[in-house]
Amino acid sequence: MTAKLIKGTEIREVILEEVKSGVEQIKEKHGVVPGLVTILVGENPASISYVTLKIKTAERLGFKEIQDSQPEDISEEDLLALVDKYNKDDAINGILVQLPLPKHINEKKVLNAIDPDKDVDGFHPVNVGRLMIGGDEVKFPPCTPAGIQEMIVRTGVETSGAEVVVVGRSNIVGKPIANMMLQKGPGANSTVTVVHTRTKDLEGHCKRADILIVAAGVPGLVKPEWIKPGACVIDVGVNRVGEKISEKTGKKIAILKGDVDFDEAKEIAGSITPVPGGVGPMTVTMLMVNTLKSLKFKLGIA
Ligand code: GUN
C-alpha cells in the first residue's frame, strides 16, 4: 500500500485563500485590515529568509505589514521599548519577534513583553495557559502545532478516540500538540502519549499509534517497522543532511531529511507528510490565520 501524501503546500493554498477572503470581507465591512509586524534582530540568513516569507505571504493576503529590522547590537532595553511601541499601536494586531535573538538579549523577557492579545506566535505564558485550558479560552495556538492539527483534520483522519503518540517534548511542538490533541472538541478528543529521549520503549509506543507525530530533530529516528499499518504519520523534522546543486536554479541548496524514513514509511502508513513540503509550509500559514483572528477578536467578531 502506498500512503496518501499530506501535502502542506496544497493545504496552505486552500487556507490562505480562506484568510484572503476573510480579510476582504472585514475590509469591506469595517474598513480595516490585519496588521502584522515582524521584528528581526541582526542578519542571521535563516531568520532573514523566514521573515521574508512571512512578509511576502502577509502582503499577498492584503495585510498591513511592517518589517522592522534592528542591528545585532540593539540593547535589550531598546528592543523592549520597540515591542512596547507596537503593543500600543492600534493598527498592529500581531507582533512577531523572530528567534533566535542575540546572546546579550534575554529571549524570555522579550517574548513576555509582547501583549498576549497580539502574541500571534502563541509563545507568551498567558497563551500557553489559555491553550492548556482549551475550548473558548484559546486565542492563539502556536503556529506549527496548529498547522499539524489542520493537516490531520483536512486529511479526514479520525482523531476522536485515536491513539496519538508524540515523539519529542519541546515547548514549540511536542508539548503544545500533545495538549491540543487531548482537548475536548473537533480535531482532538485523542488518547495522547508523549515519548522522549528518556522513554524506555520508544518502538513499542510508536507501534500503537493511529496518529504518529514526530518532532525529535533526529534524521530517520522512526523506523518503518515502528509504524502501525494505515497510521497517519506527521513528520515535523527538517534536518539538513548535506548540500546539492539545484536543478532549477543551479545554486547550492540543503538536502533535507525528516525524522521518519519516508521512502519505506510511505509503503506502510495510511497517510504521511513529506519533507520538505509537509508541515513546513503550515507554520507561516497559521501565523496568518492567527493574525486575522487577532483582528477579529478586537472587532468582537471572532
Ligand atoms: N524562529 C524559527 N521559527 C520561529 C517561529 O515560529 N517564530 C518565531 N518568532 N521565531 C522563529
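The structure we're discussing is the one just above.
No experiment lies behind these values; they were computed from the predicted model shown.

Some remarks on the sheet that holds strand β2 (residues 35-41)
And step 1. Read across the sheet, 3 strands follow the order β3-β2-β4 without closing on themselves; strand pairing throughout is parallel. Each edge of the open sheet carries a strand with a single partner, namely β3 (64-70) and β4 (94-97). Averaged over all adjacent pairs, the angle separating strand axes in this sheet is 15°, with direction ignored.
And step 2. Note that β2 and β3 share 7 bridges and pair parallel. Bridge assignment links Leu-40 to a residue of β3, and that residue is Ser-69.
And step 3. The strands touched by helix α3 (residues 76-87) within the sheet are β2, β3 and β4, with β2 carrying the most contacts at an inclination of about 175°.
And step 4. Set on the sheet, helix α10 (residues 280-299) makes contact with β2 and β4; between it and β2 the angle comes to about 130°.

Considerations on the pairing of strand β9 (residues 239-245)
And step 1. Bridge analysis of β9 against strand β10 (residues 252-257) gives 6 bridges, and the strand direction is antiparallel. From the neighbouring strand, Lys-244 faces β10, where its bridge partner is Ile-253.
And step 2. Between the end of β9 and the start of β10, which pair antiparallel, lie 6 residues, with Gly-250 showing a positive phi angle near 75°.

Topic: the environment of Ala-209
And step 1. Note that Ala-209 resides in the loop between α8 (202-207) and β7 (211-214).
And step 2. Looking at Ala-209, the relative accessible area reads 1%, which means it is buried.
And step 3. Note: C-alpha distance between Ala-209 and Glu-65 (144 residues apart in sequence) is 41 Å.
And step 4. Setting aside its immediate chain neighbours within four residues, Ala-209 contacts Glu-163, Val-165, Lys-228 and Ala-231.

Observations regarding the nonpolar core
And step 1. Counting 43 residues, the largest nonpolar core has Val-19, Phe-63, Ile-148, Ile-213, Ile-234, Val-236 and Met-288 as its most contacted members.
And step 2. Breaking this core down by element, the ones donating at least two residues are α1 (8-30), α6 (143-154), β5 (163-167), α7 (174-182), β7, β8 (232-235) and α10.
And step 3. It is α10 that contributes the most residues to this core, 8 residues altogether.
And step 4. For Val-19, the contacting residues outside a window of four places in its chain are Leu-61, Phe-63, Met-288, Val-289 and Leu-292.
And step 5. Formed by 18 residues, the second largest nonpolar core is a distinct cluster that contains Val-165, Val-167, Val-195 and Leu-212.

What about the sheet that holds strand β11 (residues 271-272)?
And step 1. Pairing is parallel across the open sheet formed by 6 strands, whose spatial order is β1-β11-β8-β7-β5-β6. Sheet topology places β1 (4-5) and β6 (191-195) at the edges, where each strand pairs with a single neighbour.

Here is what the cut-offs are and how they apply
Along each chain, residue indices are assigned from 1 in the same order as the chain's sequence is written. The predicted nature of this model means local features are confined to residues of pLDDT at least 70 and side-chain atom pairs, given and counted, to a pLDDT of 80 or more, with totals for whole chains, interfaces and linings taken over all residues. Values shown for side chains rest on all heavy atoms present in the structure; no hydrogens or waters enter the calculation. Should DSSP find at least two bridges between two strands, the strands are regarded as paired. Under the scheme used here, helices are H or I runs from DSSP no shorter than 4 residues and strands are E runs no shorter than 2 residues, and both carry numbers assigned from the N terminus. A fitted line through C-alpha atoms represents every axis, and for helices the fit uses only the stretch in contact; the resulting angles, taken between N-to-C directions, go from 0 to 180 degrees. It only takes one pair of heavy atoms within 4.5 Å for two residues to be counted as in contact. The rule is simple: take the accessible area with a 1.4 Å probe, protein chains only, and divide by the maximum for that residue type; under 20% is buried, over 50% is exposed, in between is partly exposed. Side-chain atoms within 4.5 Å link the members of a nonpolar core, which is a set of buried Ala, Val, Leu, Ile, Met, Phe, Trp, Tyr and Cys residues.

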